[in-house]
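Breakdown of the fold
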Amino acid sequence: MVGTYSSAQIADWLVSGRNLFLTIHVFGVACFVYIVARRLVPLVRAQRDPRFDQPLARLGRVLKFWLGQWKHPRYNFAGILHILIFAGFILLAARAFTVLIVGVSETFVMPGLSGKSGHIYNIVTDYAATIVFLCMVVAAIRRLVFKPSRYAVPAKYGKGHTADAVFLLGLIALLMVADSLFAASDAAGHAQRGQPAETLAVLSLPWLLQVVTGSMPMATLWILNVTAYLVHEVTFYFLLCYRPFGIQFHVETSLFSIYFSKLERGTLKPVRWGVPDEHLDQVKSFGVKKFEDFTWKHMLDFYSCADCGRCADNCPANAAGRPLSPRFITIKARDYAFQHYPVLGRADNSNPLIGTIYSDDEIWSCTTCGACEEECPLLVEYIDKIVDLRRGMIDDGNVPQSLQKPLKALESRGNPYGKLEKKKADWVKSPELRQTGPVKVLDGKNGADTLYFVDSITSYDDRMQSIGRSTARILSHVGEDFGILGAAEKDSGHEVRRFGEETLFLALRDHNTDAIKASGVQRIVTADPHAYNALKHDYKDVPPVEHISQVIAREVKAGNIEFSPVENEANVYAYHDPCYLGRHNQIYDDPRDVLDAIPGLKRVEMKRSRDRSFCCGGGGLMLFYEPKEEQRMGVLRVRMAADAGANVIVTACPFCMVNIEDAIKVAGMEGKMSAIDLTELVDQHLVREGCIRAVCTGEEKLQTATCGG
Ligand code: SF4
Ligand code: SF4
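Model, not experiment: these values are computed from the prediction.

We now examine the overall build of the chain. Summing up its helical and strand segments, the chain has 30 helices and nine strands in all. Reported as C-alpha extents along the three principal axes, the dimensions of the chain are approximately 110 × 55 × 45 Å. Residue burial in the chain is summarised as follows: out of 709 residues, 55% are buried. Nonlocal contacts in the chain, meaning residues at least 24 apart in sequence, comprise 78% of its contacts between residues at least 6 apart. Carbon and sulfur atoms make up 60% of the accessible area of the chain, which totals about 30000 Å². Separation of charge centres in the chain, based on 79 positive and 79 negative side chains, amounts to 3 Å.

Next up, the structure:
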């Protein structure tokens, strides 16, 4: 064939007959379908994950987080840039499709876009192409000149990603230029022939190119037109097929990733979807050990990450210099998938992930604070994956030395300290509580409407028992008929579960569930956000649970609580949102409302507050684990409070209290900074009967007859 035609004749045949364009279309689409099919192979081999429920709720998330780009403005400049690019892409989709079809069918018009609506659409998309082009230029300058630190790749994670990012930005800019030149040369050609031409949007990229090319000879315009078309078509398909090899794959996958994202905060995935707890003994291997142990959704997350670095930028473990960056949990897994499931060649069977792409310390470093998930614009999940990796390590007997003792104590005594069960209710014997009336122990002889679930740290830690006493005094003050389980209460198991010890968690949960049911209570109150989260999300069939801050806020609003003014007006208070109260359960306002109800209390917000709160260092078993780190998270947090101008940090969690009080000492800020639990502060300022707005402060006054409540 080739021997009988000159190359010019072949080129002429290809172009004039539209055969070249059609060939590129078919080849481009075929390559894309093949590549995506190969990328789906690991997802087919992955663990199941039932995410097909609640279609309306899921659709709502797509509208909010995908179409509405809800999380992007959390980083102002980058967010606006992304929204402009995304909106431009959405607007240009029909235009790009039309341009592709026009190559093989010159008179093609997208349905609904003929006549006036077509003209309006063309004007809008002229500007859209211009804005996307300019955004590419700005983004490239930002990457190359300003180099935001969150894009940096530490040496331990390999090469930087800037070259790839700039290459992709260049390709998209080229696509916009080719599209605009195609429109400009077409309009110029029509104008020269005296035919009606499409009016291009003034000052848009196509308009400017028309100004430049308008006086060129027809032959040159024709070459420009065909070249622009070819460059557009080849770049379009190249981008389409190149994206599944890197971060730009999120363009294709993000919609699905967001649709199938987790709907309920604070929850944890079961060991195996579809396997009920009572049949867990039949599961041969717990957790994630090899890549195929991840669920298909978690693999989809790996493909969907845009490498924006927001998760790592907000991760307290990363900030404290622990060997963990959530961004690289994802990037390493994606690289692993690309390497072991290549587009060309056979998939190769996987190796254990721990010891190859992840280290033990990396996986133990996470406090499950949820900052990464809160920040991620694509709703990539981390906690379930990290807990699944821990389950795998525990299943292999790979438990950090320092955690072995508390885990054994939890197994034998039901608390991590190894203390005797009969001592669990010793804190209620305090003289301070005698004046409010004894706290009932719901042991079958006593009944109550409400259970105060105390949990291990508040029951056994001398300092935290003060939170227990304040909680009991507040509940008494508002007339709550309450009691505690005493020796019958075991640790809630919240941290045990998040450390991957599912079997031990189930034993604790089942024991507590039986004890709660036997007590006959109608509702549960706790001052511990970890217990709150466990009872709310990890337990089944127990009465509704509230955090004490919710109870206090409600009673304040109902006028059942009155506060005396703060004694020291020089004090400035900052509220620290505990992760399991705030991010995981969205309780941000109640504690603040309570503080604001105390007359004279000056409150400031830390820069990182509410859903951007900075973890104090991890509750629960993190108290027993010493991760490698450059500085303490708690110390960073205390400095944030000082930067905000506060000298008192108010917490609403006993674990936060331990970490923050410790951090104040480590930071050398004793005397300049103090910490107090919300319950303690409320207890100090409660106006009790007989107090007549006296300043009823502290434990010493609580022991007086005047303020005996
Ligand atoms: S949950 Fe918190 S500590 Fe863990 S990776 Fe995410 S941000 Fe970091
Ligand atoms: S996981 Fe989310 S926040 Fe983290 S780098 Fe990827 S897209 Fe950005």
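There is more to say after this.
Looking now at the sheet that holds strand S7 (residues 602-604). Read across the open sheet, the four strands follow the order S7-S6-S8-S9; overall the sheet is parallel. On the outer flanks of this sheet lie S7 and strand S9 (674-677), each paired with one strand and no other. For this sheet the average axis-to-axis angle between neighbouring strands, irrespective of direction, equals 35°. Judged from the three bridges that link them, strand S6 (residues 572-575) and strand S8 (residues 648-651) form a sheet pairing that is parallel. Bridge assignment links Tyr575 to a residue of S8, and that residue is Val650. Running at roughly 80° to S9, helix H29 (residues 678-685) makes contact with S6, S8 and S9 of the sheet.

So, on to the sheet that holds strand S4 (residues 523-526). Strands sit in the order S1-S3-S2-S4-S5 across an open sheet of five strands; the sheet is parallel. Taken across any chain shown, the strands that pair with only one partner, and hence form the sheet edges, are strand S1 (440-441) and strand S5 (545-547). Bridge analysis of strand S2 (residues 450-452) against S4 gives three bridges, and the strand direction is parallel. Across the sheet, the residue bridging to Leu451 is Ile524, located in S4. Along the sheet, helix H21 (residues 465-477) contacts S2, strand S3 (482-484) and S4; its crossing angle with S2, the most-contacted strand, is approximately 160°. Along the sheet, helix H25 (residues 548-557) contacts S4 and S5; its crossing angle with S5, the most-contacted strand, is approximately 75°.

If you walk through the whole model with that rule in mind, you get 23 aromatic pairs. Look at Phe249 and Tyr303: their rings are 5.2 Å apart centre to centre, the planes differ by 50°, and that puts the pair in the tilted class. Of this pair, Phe249 sits in the loop between helix H9 (218-242) and helix H10 (250-259) while Tyr303 sits in helix H11 (residues 296-304), and the two are 54 residues apart along the sequence. With respect to burial, Phe249 and Tyr303 carry one shared label: buried. Aromatic pair Tyr259 and Phe260: ring centres 5.0 Å apart, planes at 90°, arrangement edge-to-face. The class for Tyr259 is partly exposed, based on a relative accessible area of 21%. Three or more aromatic residues joined by ring pairs make a cluster, and in this case those are Phe52, Tyr259, Phe260 and Trp296. The residue whose ring lies beneath Arg39 is Phe338, and the NZ or CZ to ring-centre distance is 3.9 Å. Above the ring of Phe499, the side-chain terminus of Arg390 is found at 4.9 Å from the ring centroid.

Right, let's talk about the site of ligand 2 for a bit. Around ligand 2 sit Cys305, Ala306, Asp307, Cys308, Gly309, Arg310, Cys311, Arg327, Cys376, Pro377, Val380 and Tyr382, and that is every residue in its neighbourhood. Split into classes, the residues belonging to the shell around ligand 2 amount to eight nonpolar, one polar and three charged.

Domain boundaries in the chain define domain 1 (9-46 + 55-245), domain 2 (285-395), domain 3 (420-557) and domain 4 (572-685). Centre-to-centre separation of domain 2 and domain 3, based on C-alpha positions: 35 Å. With seven residues of domain 2 in contact, the opposing surface of domain 3 contributes seven residues. Across the domain 2/domain 3 interface, buried area totals approximately 660 Å², and carbon plus sulfur atoms make up 59% of it. At the junction of domain 2 and domain 3, the tally comes to one salt bridge. Between Glu502 and Arg391 there is a salt bridge whose closest N-O contact spans 3.1 Å.

A few words now on the pairing of S4. Every regular strand shows the same layout, with side chains that alternate between the two sheet faces. Bridging between S4 and S5 involves three bridges; their strand directions are parallel. Paired with Ile524 across the bridge in S5 is Val545. In this view, the connection linking S4 to its parallel neighbour S5 by way of helix H24 (residues 529-538) has right-handed handedness.

In this structure, Phe291, Leu353, Ile516, Ile552 and Phe563 are the most contacted members of the largest nonpolar core, which totals 147 residues. Setting aside residues no more than four positions away along its own chain, Ile516 makes contact with Leu451, Phe453, Leu485, Val521, Ile524, Leu535, Val542 and Pro543.

Moving on, we get to the side chain of Thr471. Residue position: Thr471 is located in helix H21. Apart from the residues within four sequence positions on either side, Thr471 is in contact with Tyr452, Ala527, Ile548 and Thr679.

Mapped onto the elements, Ile552 comes out in helix H25. Owing to a relative accessible area of 0%, Ile552 belongs among the buried residues under this scheme. Along the primary structure Ile552 and Val454 are separated by 98 residues, whereas in three dimensions their C-alpha atoms are 17 Å apart. Here Ile552 is in contact with Ile474, Ile561, Phe563, Val594 and Val682, once residues within four sequence places are set aside.

In this section: the pattern of salt bridges. In the structure shown here, the tally under the stated rule is 50 salt bridges. The salt bridge involving Glu375 is made with Arg612; its shortest N-O contact spans 2.6 Å. A residue pair is termed long-range when its members are at least 10 positions apart, and Glu375 in helix H16 (residues 371-375) and Arg612 in the loop between S7 and helix H27 (633-643) qualify at 237 residues. Residue Glu375 is classed as buried on the basis of its relative accessible area of 1%.

A few words on the side chain of Gln248. With respect to the helices and strands, Gln248 occurs in the loop between H9 and H10. Relative accessible area serves as the criterion here: at 13%, Gln248 is assigned to the buried category. When residues no more than four places from it in sequence are discounted, the contact partners of Gln248 are Leu168, Ile172 and Arg243.

It is worth spelling out the environment of Ala570 at this point. In this fold, Ala570 is placed in the loop between H25 and S6. Residue Ala570 is classed as exposed on the basis of its relative accessible area of 58%. As a C-alpha pair, Ala570 and Ser466 span 104 residues in sequence and 25 Å in three-dimensional space. If we skip the residues at most four places from it in the chain, Ala570 touches Lys602 and Asn647.

Analysis parameters
Residues numbered from 1 in each chain as written. Chains lettered and ligands numbered in written order. Predicted model: local features only at pLDDT ≥ 70, side-chain atom pairs only at ≥ 80, totals over all residues. Heavy atoms only, no water. Helix = DSSP H or I, 4+ residues; strand = E, 2+ residues; numbered from the N terminus. Buried < 20%, exposed > 50% of the residue type's maximum accessible area, 1.4 Å probe, protein only. Contact = heavy atoms within 4.5 Å. Areas by Shrake-Rupley, 256 points an atom, 1.4 Å probe, with all protein chains shown as cover. Lys, Arg positive; Asp, Glu negative; His and termini not counted. Charge placed at Lys NZ, Arg CZ, Asp CG, Glu CD. Pairing = 2+ DSSP bridges. Axes fitted to C-alpha atoms, helices over the stretch in contact; angles between N-to-C directions. Phe/Tyr/Trp six-rings, centres within 6.5 Å; stacked < 30°, edge-to-face > 60°. Lys NZ or Arg CZ within 6 Å of the ring centre and 35° of its normal. Near = heavy atom within 4 Å. Nonpolar A, V, L, I, M, F, W, Y, C, P; charged D, E, K, R; others polar. Domains from an automatic or database assignment. Buried area = accessible area lost by both parts, 1.4 Å probe. Salt bridge = Lys/Arg side-chain N within 4 Å of Asp/Glu carboxyl O. Right-handed = clockwise from strand over helix to strand, strands pointing away. Core = buried A, V, L, I, M, F, W, Y, C linked by side-chain atoms within 4.5 Å.

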